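Given next are the chains, with one letter for each unit.
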Amino acid sequence: MPPPLLFIIIIISPSSSQPSGPLDVCSLGAGPGRQALPCQPPPTNMKEFMQIRVDPPGITCGNPPERFCTLENPYLCSDECDASSPDLSHPPQLMGDRERGGLITYWQTITWSRYPEPLLANITLSWNKSLEVVDDIIITFEYGRPTSMVLEKSMDKGATWQPYQYYADDCLEAFGMSPKQVSDLAPTNLTRVICTEKYSQKNVVFEVRARFGVFAGPKLINMDALYVRMETMKGLRDFFTFSNLRLRLLRPALGGTYVQRDNLLKYFYAVSNIDVPARCKCNLHASQCVLRDATLQCECEHNTGGQDCQRCRGGFRSRSWRPGSYLPLPRGAANTCTTPPHTLIHKPTPASKSFTISANTRDLEESKSSSWAGLQVSPGSNVCVCVCPPDCECNGHSNRCSYIDFINVVTCVSCKHNTRGQSCQYCRLGYYRNASLPLDDDNICAECDCDPDGSASPHCSDSGLCRCKAGATGRRCDSCVSGFTRRGENLCDSERLLCQNGGTCVDFLRCTCPGNSTGQFCEQSVCTKKSGCTTTSKGSSPLVTSQLHLVTFILISYTIS
């Protein structure tokens, strides 16, 4: 089987705000004396790799075909959008294409024909990878930019969202916020989310260069000052980090102060281009980013691994992982993952009277401080052996270990995130492993959440399937198989008949009746008195009921005669 194709991203954006300089290589020299350096991939326009999704369904124009006007010529509605025609369609992918020959292509929504119902549209841009923005994000609108919109970002691949910036003709009216500009921000509140009224007729800009300039100067000459702030100011690096972006379009361009109800065909959204200059976030542990199986991936150095180089590779101490650092200037620190402690052996010379350890003393000291087993001398061999415990490897779910010296085993203590096991590699009872996540993910163990009524046990299999009672089905055993229904606790049969007279449904199959009733649904009363029972219309025995019917028939016949 041939190896997967790799495409290395080496396109450097000419408008990049952050110079590559010494950060474009991960090491200097070769061999044992090689010096590890913090490094990062070159920036590029990430629109080449973004996935675009628009919603709600049916928001794109052309299905069915419709006419539209423009704000510049509002009463000449001769333009048409038709999804079945390549020349007249405006699909979402035209927001990220390369426009050649001066021909402008754009995505377009349906018109505001349902006014006063709001015309709302979302544009979600996904990379399935953490990125760091390096220059202004620019969204180009055709036929006027929206009256109000929000730019949002996600740092967890779309699981949660947070506002990045608000845009409106009137910030106070649209969002209840006073209008601000980046120039109004100070170094202490640079990460503040603002609403701006200053954006051009066509372009909506998220200003990154101006924010960098607060620290590096207007021309970004003093980048060292920015790097120092990146390391020392809480939340600053995260502010420029995202995995997804979302545009929430809330009100289209009006071309005036109010909506003209007699011509709603001129109100819509149209986006021709989205520029996102950014680089792969690799925590300063990679100088290249590749596209592997349609997914961006850092080519990690410094003994790190993961999509973002966010952990140590196998065989290296997970607790030693740290992101690379811009400090100390000018070269920074690579913070390479280290190897675990190991057994140290030293054979002294015959003339020596004392043993010395000339190997890695750092490993020795760490072993001493963690229930170190001590030095042992092999009789007759003059070999001094440092028996050091293995590394405390808990897959990121604990930082405490207990060393059992007589069997030379290290086991993790107080595993978090619902994990258990010697290396916190298993899930606790009542939880199962999410196979789509790496073992060191905080959400690796998901709750079984078995239905208490439909399941035979609160525990589930390794794949998350609960053990169901007869008649129940589903991963959680919260549904009924064909032929069974369930409404409350006393519904057993396919005809939706309840257990009567206080009967209880068992396993969705049968009714358990109290002592005074019997029958499939506990519908028949049982006489427990030696002297007999007085019958009633409810719960009467079949014999008594038939006798009453006979007496009633005789009386009716006598009356008629």
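Reference entry: report on the structure contained in this document.

So, how was this worked out
Residues numbered from 1 in each chain as written. Predicted model: local features only at pLDDT ≥ 70, side-chain atom pairs only at ≥ 80, totals over all residues. Heavy atoms only, no water. Helix = DSSP H or I, 4+ residues; strand = E, 2+ residues; numbered from the N terminus. Buried < 20%, exposed > 50% of the residue type's maximum accessible area, 1.4 Å probe, protein only. Contact = heavy atoms within 4.5 Å. Areas by Shrake-Rupley, 256 points an atom, 1.4 Å probe, with all protein chains shown as cover. Arc of directions from axis to C-beta. Axes fitted to C-alpha atoms, helices over the stretch in contact; angles between N-to-C directions. Parallel < 35°, antiparallel > 145°, perpendicular 65-115°, else oblique. Nonpolar A, V, L, I, M, F, W, Y, C, P; charged D, E, K, R; others polar. Phe/Tyr/Trp six-rings, centres within 6.5 Å; stacked < 30°, edge-to-face > 60°. Pairing = 2+ DSSP bridges. Salt bridge = Lys/Arg side-chain N within 4 Å of Asp/Glu carboxyl O. Core = buried A, V, L, I, M, F, W, Y, C linked by side-chain atoms within 4.5 Å. Domains from an automatic or database assignment. 1 Å grid on protein atoms, 1.4 Å probe; cavity = no way out; pocket = protein on both sides within 12 Å on 5 of 7 lines; lining within 4 Å. Points joined across faces, edges and corners; volume = space filled by probe spheres on them. Disulfide = S-S within 2.5 Å.

## Some details on the overall build of the protein
The secondary structure content of the protein amounts to six helices and 38 strands. Here the protein holds 561 residues, and the buried ones make up 39% of them. For the protein, the share of sequence-separated contacts (at least 6 apart) that also reach a separation of at least 24 residues comes to 58%. If you sum the accessible surface of the protein, you get close to 30,800 Å²; carbon and sulfur atoms cover 52% of it.

## Some details on helix α3 (residues 223–232)
Among all positions in α3, only Met 223, Leu 226, Tyr 227 and Met 230 are buried. Along the axis of α3, the buried residues cluster in a sector spanning 100°; they form a single face. Among the structural elements, α2 (209–216) and α4 (236–239) are those in contact with the buried residues of α3.

## Quick word on the packing of α2 against α3
In contact at an axis separation of 7 Å, α2 and α3 are set at 100° when each is read in the N-to-C sense. Classified by the angle their axes make, α2 and α3 are roughly perpendicular. On the side of α2, the interface is formed by Phe 212, Phe 215 and Ala 216, while α3 contributes Met 223, Ala 225, Leu 226, Arg 229 and Met 230. Partitioned by chemical class, the residues of the contact of α2 with α3 number seven nonpolar, no polar and one charged.

## Describing the packing of aromatic side chains
Enumeration over the complete set of coordinates arrives at 14 aromatic pairs. Ring geometry for Tyr 143 versus Phe 268: centroids 5.6 Å apart, planes at 70°, classification edge-to-face. Taken as a pair, Tyr 143 in the loop between β10 (137–141) and β11 (148–154) and Phe 268 in the loop between β15 (241–251) and β16 (270–275) lie far apart in primary sequence, 125 residues in all. Under the relative-accessibility criterion, Tyr 143 is labelled partly exposed at 25%. Cluster of aromatic residues (ring-pair linked, three or more members): Tyr 164, Phe 206, Phe 212, Phe 239 and Phe 240.

## Description of the sheet that holds strand β8 (residues 107–108)
Across the sheet, four strands lie side by side as β8-β16-β10-β14; this open sheet has antiparallel pairing. Each edge of the open sheet carries a strand with a single partner, namely β8 and β14 (203–206). One ladder, built from four bridges, connects β10 with β16; its direction is antiparallel. For Ile 138, the partnering residue across the bridge sits in β16 and is Asp 275.

## Quick notes on the pairing of strand β31 (residues 455–460)
Along a regular strand, successive side chains alternate from one face of the sheet to the other. Looking at chain direction, β31 and strand β32 (residues 466–468) are connected through two bridges and run antiparallel. When the sheet's bridge partners are listed, Ser 455 is paired in β32 with Cys 468. As consecutive antiparallel partners, β31 and β32 are separated by five residues, and within that stretch Gly 464 has a phi angle of approximately 95°, a positive value.

## Focus on the pattern of salt bridges
According to the stated counting rule, one finds 14 salt bridges in the structure shown. Here Asp 135 ties to Arg 209 by a salt bridge, and the two come within 3.2 Å at their closest N and O atoms. Residue Asp 135 is located in the loop between β9 (121–133) and β10, and its partner Arg 209 is located in helix α2; the two are separated by 74 residues in the primary sequence. By relative accessible area, Asp 135 is classed as buried at 4%. On the accessibility criterion, Arg 209 (32% relative accessible area) is partly exposed. Linking Arg 248 and Glu 152 is a salt bridge whose minimum nitrogen-to-oxygen distance equals 3.2 Å. Separated by 96 residues along the polypeptide, Arg 248 in strand β15 and Glu 152 in strand β11 bring together distant segments of the chain. We classify Arg 248 as partly exposed; its relative accessible area is 29%.

## Concerning the environment of Gly 471
Inspection of the secondary structure assignment puts Gly 471 in the loop between β32 and β33 (472–473). For Gly 471, a relative accessible area of 12% translates into the label buried. C-alpha separation for the pair Gly 471 and Gly 454, spaced 17 residues apart in sequence, amounts to 8.2 Å.

## Some remarks on the nonpolar core
By size, the foremost hydrophobic cluster in this structure holds 64 residues, and its most contacted members are Trp 107, Ile 123, Trp 127, Phe 242, Leu 249 and Ile 274. It is β9 that contributes the most residues to this core, six residues altogether. No fewer than three residues from each of domain 1 (51–275) and domain 2 (283–338) sit in this core. Excluding anything up to four places from it in sequence, Trp 127 contacts Met 46, Phe 49, Met 50, Phe 242, Ser 243, Asn 244, Leu 245, Val 276 and Leu 296. In terms of nonpolar packing, the next biggest core, distinct from the first, is built from seven residues, Cys 460, Cys 466, Ala 472 and Cys 477 among them.

## Concerning empty space enclosed by the protein
A complete count under the given rule lists three cavities of 30 Å³ or more for this structure. Looking at the second largest cavity, its volume works out to about 40 Å³. Residue lining of the second largest cavity: Cys 39, Gln 40, Pro 41, Glu 132, Arg 237, Cys 280, Lys 281, Cys 282, Asn 283 and Leu 284, and that is the complete set. For the lining of the second largest cavity, the per-class residue count stands at five nonpolar, two polar and three charged.

## Structural notes on the state of the cysteines
For the coordinates displayed, the defined rule picks out 14 disulfides. Residue Cys 394 pairs covalently with Cys 412 via a disulfide, S to S 2.0 Å. Measuring handedness by torsion sign, the sulfur bridge of Cys 394 and Cys 412 sits at about -105° and is left-handed. Taken together, the residues Cys 394 in the loop between β24 (383–386) and β25 (401–404) and Cys 412 in strand β26 (residues 409–412) connect sequence positions 18 residues apart. The exposure classification of Cys 394 matches that of Cys 412, with both residues buried. The disulfide that involves Cys 427 links it to Cys 445, with 2.1 Å between the sulfurs. Between Cys 427 and Cys 445, the disulfide has an S-S torsion of -90° and is therefore left-handed.

## Side note on the layout of surface pockets
Its boundaries defined by the atoms lining it, the largest pocket holds a volume of some 1,300 Å³. Broken down by secondary-structure element, the contributors of at least two residues to the lining of the largest pocket are α3, α4, β15 and β21 (311–312). Its residues placed into classes, the lining of the largest pocket shows ten nonpolar, 15 polar and 14 charged.

Note that all results are geometric; they support no functional claim without further evidence.
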